[in-house]
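# Remarks on the overall topology
Chain by chain, the residues:
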Amino acid sequence: MYFLLLLACTDPDKPGHSDSEIPESGDSGDSPAMAAPPSLIPRPSRMEAQEGSFVLTATTGIIASGDALATAELLAEGLRLSTGYPLPVTPGSDASGNIILDFDSSLPPEGYKLLVTPDGITLTAADGDGLFWATQSLRQLLPPENFQKKVVPDVAWVLPAVEVEDAPRFGWRGGMIDVARHFFTVEEVKRQIDLFALHKLNRLHLHLTDDQGWRIEILSWPQLTAIGGSTEVGGGEGGFYTQADYQELVAYAAARHILLIPELDFPGHAHAARASYGELNPDGLPLDLYTGEGVISTGLWLDGPSTRDFVEDVWTEIATITPGPYLHVGGDEAIDSDPDDYSAFLQWLQGVVQAQDKSLIGWDEVGTVELEAPFIAQYWWNAENARNAVAGGGQLIASPAAHCYLDMKYDRSNSFGQVWAGYVNVEDAYAWEPVLSGLEDADFMGVEAPLWTEMVTDEAQMDFMLWPRLAAEAEVGWTAAADRDWEDFRGRLATHGARLDNLNVGYYASPEVEWQP
Ligand code: ACM
């Protein structure tokens, strides 16, 4: 794949180009408006700038039908907020002056074509995912004010004429939010889902349980949330999702072509469960709640008479409300478990997952266990475990802490964040290759960046840790290795900052980037 960019349309001194007038017509072949040069994150497979620009106006329509309608409506809803234009969504085939969404089965999975001409805009894809990603590219071609949630007057809604042909390197491009150490509300998570979508991230992994909190309602074991959900790191009030809340998140993410991956972490990190029920403990008494910041990784009492019933019950309930094919069983840092007991438990747990017609995902420690293919190991620390998983027929998700752990500080100037895996600045989050030496792309589902929240207490801190590093990870997962270049990304990120500003994202304005005002 190659990248070709001709910036013929961007010379402000060219006759017919001026940024001082706002055009009134949808046809801007010789319009006075000037479009910014195309600058997309993640970088597409092929992009060719063309002569001229398209101007979105009060008469622009969106043309879609059938399976393209939902994506067309989401695009219209978003653009109506900032432009104030009606942008009606109607069936039809006339692209002139309009934005048309359509299917083309010859394109690759999740791929799309986006053609912006002075006369109209055409988005095509083989599947709904690709069509949705095409609309995200479209929005990045518009002035950054299109990301505002209120009408912005006096903006020329101009897009540069361009031809984009694009498809992802990996089918798994994700982020994880630890809602166990500190709880984050449905609305806070939805806001991040919107930001994931903008970056073509298609997996949201929720770390729902840990020592300091149990965050998902389990009808058959209600004290998990009544007690285990009642606090968090630092002793705050914690919280939890009802099953209806969780299903609302699943649906909100699905509408944005993002799959929610639920994690219940066993056999380690199980303190909140053991604090909720006496029967999960040898002496029959619940443990005291734990609200410290440090990792204690209290293990499940694997020999307990109720323990396997408990695990089977909670997974059965979660599987029932999880339409996606994956259940993340954790499996990390099982420091209390004998290795043989750990293996036997994981093998049994895979049976529980398979009985629900799902595939098991675990942290890379599951690579020490003989599991049945298919399964997925999430490589965070131990490359040998990851290689073992592949040798045993598994696939990997690349989340190496030195590049992907977004709870690490960016640099010495940050007032909070971890450092045990080193600083992870934006370049560290960008300039790395996910496929381990000797392995192949096919051994990897893709890339995921976890945000652990022992030190992340609120939405502002979450924004700061996630952005812009998650934009870098999105490009690692989407863009072919040969098309990635740090200097080029740094330049595009400088432009991207204005999009994040308009979205009110409190990102870290790292000195690695010459941010444009
Ligand atoms: C982990 O960071 N314990 C997966």
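Figured I'd write up the structure that's included with this text. (Residues numbered from 1 in each chain as written. Predicted model: local features only at pLDDT ≥ 70, side-chain atom pairs only at ≥ 80, totals over all residues. Heavy atoms only, no water.)

This paragraph deals with the environment of leucine 159. Along the chain, leucine 159 falls in strand E7 (residues 158-166). Leaving out residues up to four positions away in the same chain, leucine 159 has contacts with Ala35, Ser53, Phe54, Val116, Ile121, Leu138, Leu141 and Leu142. (Helix = DSSP H or I, 4+ residues; strand = E, 2+ residues; numbered from the N terminus. Contact = heavy atoms within 4.5 Å.)

The subject of this paragraph is the sheet that holds strand E6 (residues 120-125). In space, the seven strands of this open sheet follow the order E1-E7-E5-E6-E4-E2-E3, with mixed pairing throughout. Edge positions in the sheet fall to strand E1 (46-55) and strand E3 (89-90), since each of these pairs with one other strand and no more. Here E1 pairs with E7 via seven bridges, running antiparallel. Across the sheet, arginine 46 pairs through a bridge with glutamate 165, a residue of E7. Helix-sheet contacts for helix H2 (residues 128-141) involve strand E4 (99-103), strand E5 (112-117), E6 and E7, and the interaxial angle to E5 is about 35 degrees. (Pairing = 2+ DSSP bridges. Axes fitted to C-alpha atoms, helices over the stretch in contact; angles between N-to-C directions.)

Each aromatic ring pair is summarised here by two numbers: the centre-to-centre distance and the angle between the ring planes. All chains considered together, the criterion is met by 24 aromatic pairs. Judged by centre distance (5.2 Å) and plane angle (70 degrees), the ring pair of tryptophan 172 and tyrosine 326 falls under edge-to-face. Taken as a pair, tryptophan 172 in strand E8 (residues 172-178) and tyrosine 326 in strand E13 (residues 326-330) lie far apart in primary sequence, 154 residues in all. The two residues tryptophan 172 and tyrosine 326 agree in class, both being buried. With a centroid separation of 4.8 Å and an interplanar angle of 80 degrees, the aromatic rings of tryptophan 221 and tyrosine 277 are classed as edge-to-face. Here tryptophan 221 is found in the loop between strand E11 (213-214) and helix H4 (223-226), whereas its partner tyrosine 277 is found in the loop between helix H6 (271-276) and helix H7 (307-320), with 56 residues between them in sequence. Just above the ring of tryptophan 478 sits the side chain of lysine 200; from NZ or CZ to the centre is 5.6 Å. Note that arginine 469 overlies the ring of tyrosine 410, its terminal NZ or CZ placed 3.7 Å from the centroid. (Phe/Tyr/Trp six-rings, centres within 6.5 Å; stacked < 30°, edge-to-face > 60°. Buried < 20%, exposed > 50% of the residue type's maximum accessible area, 1.4 Å probe, protein only. Lys NZ or Arg CZ within 6 Å of the ring centre and 35° of its normal.)

Attention now goes to the sheet that holds strand E15 (residues 375-379). Pairing is parallel around the closed barrel formed by eight strands, whose spatial order is E8-E9-E12-E13-E14-E15-E16-E17. Strand after strand, the sheet turns through a mean of 30 degrees between neighbouring axes, direction not considered. Strand direction decides the pairing type here: E13 and strand E14 (residues 359-363), joined by three bridges, are parallel. Looking at E14, one finds that histidine 328 is bridged to isoleucine 361. The strands touched by H7 are strand E12 (259-266) and E13; relative to E12, the strand with the most contacts, the crossing angle is about 170 degrees. In the packing of helix H13 (residues 469-478) onto the sheet, contacts are made with E8 and strand E17 (444-451), and the angle to E17 comes to roughly 175 degrees.

Below, the discussion takes up the pairing of E8. Taking burial as the measure, the seven residues of E8 include seven buried ones, the bulk of the element. Note that E8 and E17 share six bridges and pair parallel. Note that in E17 the partner of glycine 175 across the bridge is alanine 449. Sheet analysis places E8 next to strand E9 (residues 203-207), joined by five bridges and oriented parallel. Across the sheet, residue methionine 176 finds its bridge partner in E9, namely histidine 205. Taking the sense of rotation as the criterion, the β-α-β connection linking E8, helix H3 (residues 186-198) and E9 turns out right-handed. (Right-handed = clockwise from strand over helix to strand, strands pointing away.)

So, on to the nonpolar core. Within the largest apolar cluster, 149 residues are counted, with the highest numbers of intra-cluster contacts made by Trp214, Tyr241, Phe266, Phe310, Trp315 and Trp467. Residue contributions to this core peak at seven residues, all from H3. By size, the runner-up hydrophobic cluster in this structure holds seven residues, among which are Trp172, Tyr326, Ile361 and Met445. (Core = buried A, V, L, I, M, F, W, Y, C linked by side-chain atoms within 4.5 Å.)

Counting buried residues along helix H12 (residues 459-466), six of its eight residues qualify, which places the element largely inside the surrounding structure. If you check which residues of H12 are buried, you get Gln461, Met462, Asp463, Phe464, Met465 and Leu466. Those residues of H12 that are buried are in contact with E8, H3, E17 and H13. Regarding H12, its N-cap is aspartate 458, as a side-chain oxygen of that residue lies 3.3 Å from the backbone nitrogen of alanine 460 further along. (Polar contact = N/O pair within 3.5 Å; in protein donor to acceptor, adjacent residues only side chain to side chain.)

In this section: unusual backbone geometry. The omega torsion across isoleucine 41 and proline 42 is -5 degrees, close enough to zero to call that bond cis. Locating proline 42 in the fold gives a position in the segment before E1. A cis amide bond links alanine 373 to the next residue, proline 374, at an omega of 0 degrees. The residue glutamate 333 is not glycine, and still its phi comes out positive at about 45 degrees.

Counting across every chain of the model gives 19 salt bridges. With a shortest N-O distance of 3.0 Å, aspartate 178 and arginine 181 are connected by a salt bridge. Overall, aspartate 178 belongs to the buried group, its relative accessible area being 0%. A residue is classified by how much of its surface remains accessible, and arginine 181, at 1% relative accessible area, is buried. Salt-bridge contacts for arginine 492 lead to aspartate 488; the nearest nitrogen and oxygen are separated by 2.8 Å. Residue arginine 492 and its partner aspartate 488 are located together in helix H14 (residues 486-502), separated by four residues, close to a single helical turn. Accessibility expressed as a relative area gives 26% for aspartate 488, which makes it partly exposed. A single salt-bridge network, built from bridges that share partners, covers Arg43, Glu475, Asp488 and Arg492. (Salt bridge = Lys/Arg side-chain N within 4 Å of Asp/Glu carboxyl O.)

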